[in-house]
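One-letter residues, chain by chain:
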Amino acid sequence: VVFPEKNISYNRHVQPLFDIGCAIPECHDRKTAKGNLILESYQDLQQRNVFNVVVPNDTNRSVLIQRIQGLGNPMPPQRPLTQNQVRGLKRWVMEGATDTIP
């Protein structure tokens, strides 16, 4: 998954990345839900946001961003994200972490 420089779309960029690297068996799919986190849809992400998984407009407080940058338990463990993907997820958070399509 390649992210553009701006106007990150949850449906076109973020969820497809989650689908191949996070919402998979033994990780954050509905059946496994490691850390009680499911990443199969935007609604799943919002349900767990009481734990600051994603804090819109704040990458420093967003646990998702901390994890993909290697803080705490680095994610994803099997396949590191590219620099473009890390930048894209951070940009999505800074753009408000919405599920709208620009």
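The rules we used
Residues numbered from 1 in each chain as written. Predicted model: local features only at pLDDT ≥ 70, side-chain atom pairs only at ≥ 80, totals over all residues. Heavy atoms only, no water. Axes fitted to C-alpha atoms, helices over the stretch in contact; angles between N-to-C directions. Helix = DSSP H or I, 4+ residues; strand = E, 2+ residues; numbered from the N terminus. Parallel < 35°, antiparallel > 145°, perpendicular 65-115°, else oblique. Left-handed = near helix turned anticlockwise from the far one by under 90°. Contact = heavy atoms within 4.5 Å. Nonpolar A, V, L, I, M, F, W, Y, C, P; charged D, E, K, R; others polar. Salt bridge = Lys/Arg side-chain N within 4 Å of Asp/Glu carboxyl O. Buried < 20%, exposed > 50% of the residue type's maximum accessible area, 1.4 Å probe, protein only.

(A) Focus on the packing of helix H1 (residues 10–21) against helix H4 (residues 83–94). Close contact between H1 and H4 brings their axes to 11 Å; oriented N to C, the two are set at 125 degrees. Taken together, the axis directions place H1 and H4 in an arrangement best described as oblique. Crossing hand, H1 versus H4: left-handed. The residues of H4 that touch H1, namely those facing Tyr10, Val14, Leu17 and Phe18, are Gln85, Leu89 and Trp92. Split into classes, the residues belonging to the contact of H1 with H4 amount to 6 nonpolar, 1 polar and no charged.

(B) Inspection of the pattern of salt bridges at higher detail. All chains considered together, the criterion is met by 3 salt bridges. Asp44 is the partner of Arg30 in a salt bridge, and the nearest nitrogen-oxygen pair spans 2.9 Å. With Arg30 in the loop between H1 and helix H2 (42–47) and Asp44 in helix H2, this residue pair connects regions lying 14 residues apart in the sequence. A salt bridge links Arg61 to Asp58; the shortest N-O distance between them is 3.6 Å. What makes Arg61 partly exposed here is its relative accessible area of 47%. Taken together, the shared-partner salt bridges in this structure form one network comprising Arg30, Glu40 and Asp44.

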